[in-house]
Amino acid sequence: MRSLVAAVLVLTAVSASAQLSPDTQAKIATIANDTLTQTGVPSASIAVAVDGKLAYARAFGLANVTPAKPATAQMAYPIGSISKQFTATALLLLQQQGKLSLDDKVSKYFPELTRANEVSLRNLMTMTSGYEDFAPQDYIIPAWYKPIDPLTNVHEWAGKPLDFTPGTDWQYSNTNYVLLGLVVEKVSGKPLYQFLRENVFTPLHLEGVFNTYTQREKLEVTGYVSNAMAPVRMLPLEAPGWYFGDGDLSMPASTLIAWDLGIMHQSLLTPASYKQFETAFIFPSGTKAGQTSNYGLGIFVQDRNGHRMIEHGGEVGGYVSENIVFPDDKIAVVVLTNEVASGAASQIGGAVARLLDPGIVPPPAAPDTLSASLKTILTGMQSSHIDRSLFTDNCNAYFNADTLADFQSTLGPLGAITDVKRTRTNLRGGMTFGLYEVTFANGTTLIVSTYLKPDGKIEQLLVEGKK
């Protein structure tokens, strides 16, 4: 366990409909406090809807560690990739207005991009385009601290060869949504944020929303990073231009709940548009023909033991978010945190969802693979040893002297590694993602995430928290 300033967990609240029993509220507080203590994440802002209404909004921990400033439920946090569903909604509104069709090809708007006459807007929205992700890492690479024009970014990443034929496979890609944001601007004739404000935020009465990067002075919550569970360090946000349409919004947790309620009650779009929004892409051809991607328009669409779930997380420099909606059960859970590369938000969100309905259960874990390599690498890092030939240039930049010292200081005392098992894997950004549980001789189990390049080099190796 790593400590925070004064090792204090602070609780603040906003008024909400008293729909949760005192016992349930106490259990949510216990989940939040225990998770922050175990992971060392400075703060978590939690909002809950039950019966289709806001029922709970509280913040725990510290918005700023030094000097200590308690987090409050009114504070806005960056929501990262949860922003994608807002961009998807903008496209659906433009389709309702007859200004575009989701089946339009990218070539109608940006003909210069790779195979633009084969990729549809729907492919972009459902992550089935084949365009490679420019930002799969859960740490900030050096390039992201240099400002970039979104169109320049798109030209670079959507100008590469496709990773697969459009519509035949699924791969999460931020590049898709930067391109979609540019389409919204081209079709509407307005800046993306202005279009969202006029057509989404204002009609739904979403309070306290702002752009993380162009209005970063409004952020009251500091973002942090922890290397291998060492004490947190402040982490600056990325430079402007990288997150545009794909991860650029900030808001309080209760405002994101208001957005979720709009989905539950179908308050903004037509029923036909919400149907498209919530329907996972079905592969029409190829080896996956007839299979579901489990991804709709900017949202994951899954089943949890008979409960239909809409979910998406988000992560930008210093912050991680989680948004879970069970539209048929009229339940929603939002968790916003201020430490990058941490599983605290999803851990709290899943636990609170199961508290509200014990029938909601997660899917089984994936089989264990590649354990021996990870065991050798982490064992070396316990004594500050790193074989840099195993890592990409970006990952070697991450493992600077400070990071290696943090890994040694936190992993060294845990003793020998006794077990490594993989619990999840998927394809992203042309790389293979893996989530591992690593157990040490003293009984500690850490959560470790990795990205492997096709050539086998490691692009990411992060300790995200403690089990």
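To be clear, the structure that these remarks concern was listed above.
Just so it is clear, the model here is predicted, and its values are computed rather than measured.

Caption draft 1: Spotlight on the overall build of the chain. The helix and strand inventory of the chain stands at 12 helices and 17 strands. Summarising its shape, the C-alpha atoms of the chain cover approximately 60 × 55 × 45 Å along the three principal directions. In the chain, buried positions account for 60% of the 467 residues. By sequence separation, contacts in the chain at least 24 residues apart represent 67% of the contacts at least 6 residues apart. For the chain, the exposed surface amounts to about 17,300 Å²; the carbon and sulfur share of it is 54%. Each charge class in the chain can be summarised by its mean position, and for the 35 positive and 42 negative side chains these summaries are 1 Å apart.

Caption draft 2: Focus on the packing of helix H2 (residues 84-96) against helix H8 (residues 271-278). Two elements in contact, H2 and H8, have axes whose closest approach is 11 Å; the angle formed by their N-to-C orientations is 140 degrees. By the criterion of interaxial angle, the relationship of H2 to H8 is oblique. Judged by the sense of rotation from one axis to the other, the crossing of H2 with H8 is right-handed. Each of Gln85, Thr89, Leu92, Gln95 and Gln96 in H2 lies in contact with H8, whose residues at this interface are Ser273, Gln276 and Phe277.

Caption draft 3: Examining the nonpolar core more closely. Core analysis: the biggest nonpolar cluster contains 125 residues, and Phe86, Phe399 and Leu461 have the highest contact counts within it. Among residues more than four places away in sequence, those in contact with Phe399 are Met381, Ile386, Arg388, Phe391, Leu404, Phe407 and Leu461. Core analysis: the second largest hydrophobic core is formed by 27 residues, Ala32, Ala55, Phe60 and Val335 among them.

Caption draft 4: Molecular detail of the pairing of strand E10 (residues 300-304). Across 5 bridges, the pairing between E10 and strand E11 (residues 307-316) is antiparallel. From the neighbouring strand, Val301 faces E11, where its bridge partner is Ile310. What sits between the antiparallel neighbours E10 and E11 is a turn of 2 residues, in which Asn305 has the positive phi angle 55 degrees.

Caption draft 5: Main features of the sheet that holds strand E5 (residues 77-78). Spatially, 3 strands are ordered E5-E9-E6 in an open sheet, and the strand pairing comes out antiparallel. In this open sheet, the two edge strands, each paired with only one partner strand, are E5 and strand E6 (210-211). Judged from the 2 bridges that link them, E6 and strand E9 (residues 249-251) form a sheet pairing that is antiparallel. Paired with Asn211 across the strands is Leu249, a residue of E9.

Caption draft 6: Molecular detail of unusual backbone geometry. For the bond from Thr66 to Pro67, the omega torsion is -5 degrees, close enough to zero to count as cis. Structurally, the position occupied by Pro67 is in the loop between strand E3 (53-64) and strand E4 (69-70). For Asp51, which is not a glycine, the phi torsion comes out positive at approximately 55 degrees. With respect to the helices and strands, Asp51 occurs in the loop between strand E2 (43-50) and E3. Note on Asp51: relative accessible area 61%, which makes it exposed. Its identity is not glycine, yet His205 carries a phi of approximately 55 degrees, on the positive side. Summarising the element assignment, His205 is placed in the loop between helix H6 (192-201) and E6.

Caption draft 7: The arrangement of H2 in detail. In this model, H2 (13 residues) spans 19 Å end to end at C-alpha, consistent with the 18 Å of a helix rising 1.5 Å per residue. Among the 13 residues of H2, 12 are classified as buried, and the element is accordingly described as predominantly covered. Along H2, the residues that are buried comprise Lys84, Gln85, Phe86, Thr87, Ala88, Thr89, Ala90, Leu91, Leu92, Leu93, Leu94 and Gln95. Positioned one or two residues after H2, Gly98 has a phi angle of 75 degrees, which is positive.

Caption draft 8: Focus on the environment of Met251. Within the secondary structure, Met251 is located in strand E9. You can call Met251 buried: its relative accessible area is 0%. The contact partners of Met251, leaving out residues within four places of it in the chain, are Met75, Ala76, Tyr77, Ile79, Phe86, Gly208, Val209, Leu256 and Leu336.

Rules behind the numbers
Residues numbered from 1 in each chain as written. Predicted model: local features only at pLDDT ≥ 70, side-chain atom pairs only at ≥ 80, totals over all residues. Heavy atoms only, no water. Helix = DSSP H or I, 4+ residues; strand = E, 2+ residues; numbered from the N terminus. Buried < 20%, exposed > 50% of the residue type's maximum accessible area, 1.4 Å probe, protein only. Contact = heavy atoms within 4.5 Å. Areas by Shrake-Rupley, 256 points an atom, 1.4 Å probe, with all protein chains shown as cover. Lys, Arg positive; Asp, Glu negative; His and termini not counted. Charge placed at Lys NZ, Arg CZ, Asp CG, Glu CD. Axes fitted to C-alpha atoms, helices over the stretch in contact; angles between N-to-C directions. Parallel < 35°, antiparallel > 145°, perpendicular 65-115°, else oblique. Left-handed = near helix turned anticlockwise from the far one by under 90°. Core = buried A, V, L, I, M, F, W, Y, C linked by side-chain atoms within 4.5 Å. Pairing = 2+ DSSP bridges. Expected span 1.5 Å × (residues − 1).

This is a description of form; function is not addressed.
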